[in-house]
Amino acid sequence: MTQKTLTKADLAQFTGSEQWYRHGLVRKVLYTDGAQYVAETAGAYWLLDEIAFAQAEPTVTAEEFQLWKLTVNPDRTATLTCDDGNGSVVYTKRIEYTDFPLDEITLYFTNNVILLPSEN
């Protein structure tokens, strides 16, 4: 598998979704073309998994709208946070290692759908 480079400019091109994808394990969770592109291009299906699996946490599911942010550090560790869209963090997870190509990415989760902010 050849890993392509993911850029913020690539992500900005997604302004809607023609197809919905169903998460393989958490069947009620769907994701958009943009989220699929991130997962495929960056080898980051694990990121979609983290968001889907976190829906089992009561503090996470209590939020109708969720803003998910992955921040990658120079040492390739990362932090994944979920907030309510107003800056109140409801979930944080430390990622021991990632080869995710961007320094950070933001995804939304609402109505059981993972999407890019530009697809909102």
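Residues numbered from 1 in each chain as written. Predicted model: local features only at pLDDT ≥ 70, side-chain atom pairs only at ≥ 80, totals over all residues. Heavy atoms only, no water.

A.B. asks: Explain the overall build of the protein to me, please; I cannot follow it from the model alone.
C.D. replies: Along the backbone of the protein there are four helices and seven strands. For the protein, the sequential pattern of α-helices and β-strands runs α-β-β-α-α-α-β-β-β-β-β. Here the protein has a C-alpha radius of gyration of 13 Å; the compact-globule value for 120 residues is 14 Å, and the two agree. C-alpha extents for the protein along the principal axes are approximately 40 × 35 × 25 Å. (Helix = DSSP H or I, 4+ residues; strand = E, 2+ residues; numbered from the N terminus. Rg over C-alpha atoms; globule rule 2.2 N^0.38 Å.)

A.B. asks: How should the layout of surface pockets be read in this particular structure?
C.D. replies: In this approach the atoms are scanned with a rolling probe the size of a water molecule, which exposes any empty space left behind. In this structure, the largest pocket encloses a volume near 160 Å³. Lining the largest pocket are Lys8, Leu11, Ala12, Leu102, Glu104, Ile105, Thr106, Leu116, Pro117 and Ser118. Only helix H1 (8–12) and strand S6 (104–110) provide two or more residues apiece to the lining of the largest pocket. (1 Å grid on protein atoms, 1.4 Å probe; cavity = no way out; pocket = protein on both sides within 12 Å on 5 of 7 lines; lining within 4 Å. Points joined across faces, edges and corners; volume = space filled by probe spheres on them.)

A.B. asks: Is there a simple way to explain the side chain of His23 in this structure?
C.D. replies: Mapping His23 onto the fold places it in the loop between strand S1 (21–22) and strand S2 (30–31). Owing to a relative accessible area of 4%, His23 belongs among the buried residues under this scheme. Those residues in contact with His23 that sit more than four places away from it in its chain are Val29, Tyr31, Leu48, Asp49, Ala52 and Phe53. (Buried < 20%, exposed > 50% of the residue type's maximum accessible area, 1.4 Å probe, protein only. Contact = heavy atoms within 4.5 Å.)

A.B. asks: Explanation requested: the sheet that holds strand S5 (residues 89–95) in the structure shown.
C.D. replies: Backbone hydrogen bonds are what pair the strands of a sheet, in a parallel or an antiparallel way. In space, the seven strands of this open sheet follow the order S1-S2-S7-S6-S3-S4-S5, with mixed pairing throughout. Of all strands in the sheet, those with a lone pairing partner are S1 and S5, marking the two edges. As judged from the two bridges shared by S2 and strand S7 (residues 113–115), these two strands associate in the parallel manner. By the bridge assignment for S7, Tyr31 is matched with Ile114. (Pairing = 2+ DSSP bridges.)

A.B. asks: What exactly am I supposed to notice about the environment of Ser17 here?
C.D. replies: Along the chain, Ser17 falls in the loop between H1 and S1. Judged by relative accessible area, Ser17 falls into the partly exposed class, the value being 26%. Not counting chain neighbours up to four residues away, the residues in contact with Ser17 comprise Thr32, Asp33 and Glu119. Among the polar contacts made by the side chain of Ser17, one reaches the main-chain carbonyl oxygen of Gln19 at a distance of 2.7 Å. Within polar-contact distance, the side chain of Ser17 engages the backbone nitrogen of Asp33 at 2.8 Å. (Polar contact = N/O pair within 3.5 Å; in protein donor to acceptor, adjacent residues only side chain to side chain.)

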